[in-house]
Amino acid sequence: MKKKARPALPDATLRDRAEASLRVRHAKSPAPASVDASHQRLMHEFQVHQVELEMQNAELQEAWSRSETQRQKYTDLFEFAPVGYFSLDRAGRIHEVNLTGASLLGIPRSEVVKCRFRQSVLAGDRTAFQAFLAIVFEKPGKHSWEGRLLREGSPSFWADIHAVSTDAAQDDDRRCQVAVMDVSALKRAEAAQQRVAALALANEEANREIARRRAMEASLRKSEQVQRALLLASRTLHAQRRHLARQILLAQEEERRKISRELHDEIAQVLTGITVHLAALNPKEALVPRELRRRVALAQRLVSKSIHVVRRYARELRPSVLDDLGLIPALRSYVEEVSEQSGLSICFTAFKEVETLPNASKTMLYRVAQEALTNVARHARARNVSVKIRRLPGAALMEVRDDGRSFSADRMLASRRSGRLGLLGMRERVEMMDGRFGITSEPGLGTIVTAEIPWEVGDRA
């Protein structure tokens, strides 16, 4: 008997496992000893092959069972996925659909198949869907579209659609896989978010409007307060002007009365004395030269006294040296006179360019210094006084400083009952030149009177 060749085994491991299994079987039921060796080998080969087939069958059964389980799992995932899956051809007919897709359309799956997907699209979006479907079949890759779909017995809903075409041997057999997701809740959330954003924007705008109105109200209140303050200041200034006008009239009357009294008491008496002495110089009387010289000298002294009084009045009314020589000589002469009469130690300094100021400005500075020194001599009880005129950028500043007793300048300026014309007069003179007038008075430090005028001020004489 010819020995058959042993077939080649595709899987050595499978044969090893088969032989191991066969040895276990032979151990339980040994083969009969009467069979010769060739038959035993042939039988052994058939038995090993049979065991291999059994083992392969068992593995195939197990693989099929696992495959069925996986198929069922993926079928469940496909059918009950939260996304509707559709298989469409180029005309848009539905060939496959899962349960979720049929549920989205509200139509039983048996009725959905072979229907056109276009019929489930809202009428206003069907043209756009047809253009989208054409793009899916013309261009490879994934495409997306968002539109409104119809649901039987329910309102339309927003759907997010993703589609990709598949390859096929013939163009008519091509399909596209479509995934449909209901995004109505997302749309509502977006709309709600937009409304919230719009409300937030409106709220912010309202807050800005409220803040603007509050700021406007605060500005109006502040403006009203400023207007009230300006009105009060205007009334106060008007009252001060009226008070100043009355004081000026009274001062004029007082000066006239003083001049009249001085002219009557001094000039008239001096002139009367001169007349008497001149009358005593009768040429008919025989007078010795010595007596004649004495009477003439006495008449000359009376004439000199009258001239001195007239010059003093003229200087008080308008110092001629101010017009003839300038501000600095006029102030120096007046400072020396006040120092000699009051015993004050007065230091006077000025810069020579002050003489280039207009006449009205120089007259104002002279009158302010005159009034300030008069007040110091009468009321301050000071020992030392300084009068300084210095140049500032674009302005000239005069400062009169004393070490006497202090007073409330604001109360003095605001008081209507004050009989002093000097402070109001000084301020009025400075403000007429567009300048700034100030008074600082502190206990232990004395008083500082300042008058600042612009350098390019016009001559307002």
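These numbers were taken from a predicted model, which means no experiment stands behind them.

Caption draft 1: Looking closely at the overall build of the protein. Along its length, the protein carries 12 helices and 10 strands. Here the analysis covers contacts within the protein between residues at least 6 apart in sequence; of these, 57% occur between residues at least 24 apart. Carbon and sulfur atoms provide 54% of the accessible area of the protein, an area that totals close to 30,400 Å².

Caption draft 2: Looking closely at the sheet that holds strand β3 (residues 142-151). Sheet architecture is open: 5 strands sit in the order β2-β1-β5-β4-β3, paired in antiparallel fashion. Because the sheet does not close on itself, it has two edges, and the strands there are β2 (94-97) and β3. Here the strands of the sheet are splayed against their neighbours by 30° on average, with no regard to which way each runs. Pairing geometry for strand β1 (residues 84-88) and β2, over 3 bridges, is antiparallel. Residue S87 lies in a different strand from β2, and its bridge partner there is E96.

Caption draft 3: Structural context of the pattern of salt bridges. Taken as a whole and assessed by the stated rule, the structure comprises 13 salt bridges. For the salt bridge of D125 with R148, the shortest nitrogen-to-oxygen distance reads 3.2 Å. Of this pair, D125 sits in the loop between α4 (109-112) and α5 (126-138) while R148 sits in strand β3, placing them 23 residues apart in sequence. Judged by its relative accessible area of 12%, D125 falls in the buried class.

Caption draft 4: Quick peek at the nonpolar core. With 41 residues, the main nonpolar core has L327, I346, V354, L373 and I389 as its most contacted residues. Mapped onto this core, the elements with two or more residues apiece are α9 (327-342), β6 (345-349), α10 (359-380), β7 (384-392), β8 (395-402), α12 (422-432), β9 (436-442) and β10 (446-454). Setting aside its immediate chain neighbours within four residues, V354 contacts L327, I328, K362, L365, I389 and W455. Grouped together as the second largest cluster of nonpolar side chains are 24 residues, F117, F137, F157 and C176 included.

Caption draft 5: Region of the structure containing the packing of α9 against α10. In the contact formed by α9 and α10, the axes pass within 11 Å of each other and the chain directions differ by 10°. The pairing of α9 with α10 is recorded here as roughly parallel in orientation. Touching L327, A330, L331, Y334, V335 and S342 of α9 are K362, L365, Y366, A369, Q370, L373, T374 and A377, all from α10. A per-class count over the contact of α9 with α10 returns 10 nonpolar, 3 polar and 1 charged.

Caption draft 6: Quick peek at unusual backbone geometry. A positive phi angle is found at K114, which is not glycine, with a value near 75°. The residue K114 is located in the loop between α4 and α5 in this model.

Caption draft 7: Representation of the sheet that holds β6 within the structure. With respect to topology, 5 strands assemble into an open sheet ordered β6-β7-β8-β10-β9, the strand pairing being mixed. The sheet is open, and its two edges are formed by β6 and β9, each paired on a single side. For this sheet, the mean angle separating the axes of adjacent strands, direction not counted, is 10°. Of the strands in this sheet, β6 and β7 are in contact with α9, which crosses β6 at around 175°. Sheet strands touched by α10: β6, β7, β8 and β10. Its angle to β8, the strand with the most contacts, is close to 10°.

Caption draft 8: Geometry of the side chain of S120. You can see S120 is positioned in the loop between α4 and α5. A relative accessible area of 10% means that S120 is categorised as buried. When residues no more than four places from it in sequence are discounted, the contact partners of S120 are L105, L149 and L150.

Conventions used here
- Residues numbered from 1 in each chain as written.
- Predicted model: local features only at pLDDT ≥ 70, side-chain atom pairs only at ≥ 80, totals over all residues.
- Heavy atoms only, no water.
- Helix = DSSP H or I, 4+ residues; strand = E, 2+ residues; numbered from the N terminus.
- Contact = heavy atoms within 4.5 Å.
- Areas by Shrake-Rupley, 256 points an atom, 1.4 Å probe, with all protein chains shown as cover.
- Pairing = 2+ DSSP bridges.
- Axes fitted to C-alpha atoms, helices over the stretch in contact; angles between N-to-C directions.
- Salt bridge = Lys/Arg side-chain N within 4 Å of Asp/Glu carboxyl O.
- Buried < 20%, exposed > 50% of the residue type's maximum accessible area, 1.4 Å probe, protein only.
- Core = buried A, V, L, I, M, F, W, Y, C linked by side-chain atoms within 4.5 Å.
- Parallel < 35°, antiparallel > 145°, perpendicular 65-115°, else oblique.
- Nonpolar A, V, L, I, M, F, W, Y, C, P; charged D, E, K, R; others polar.

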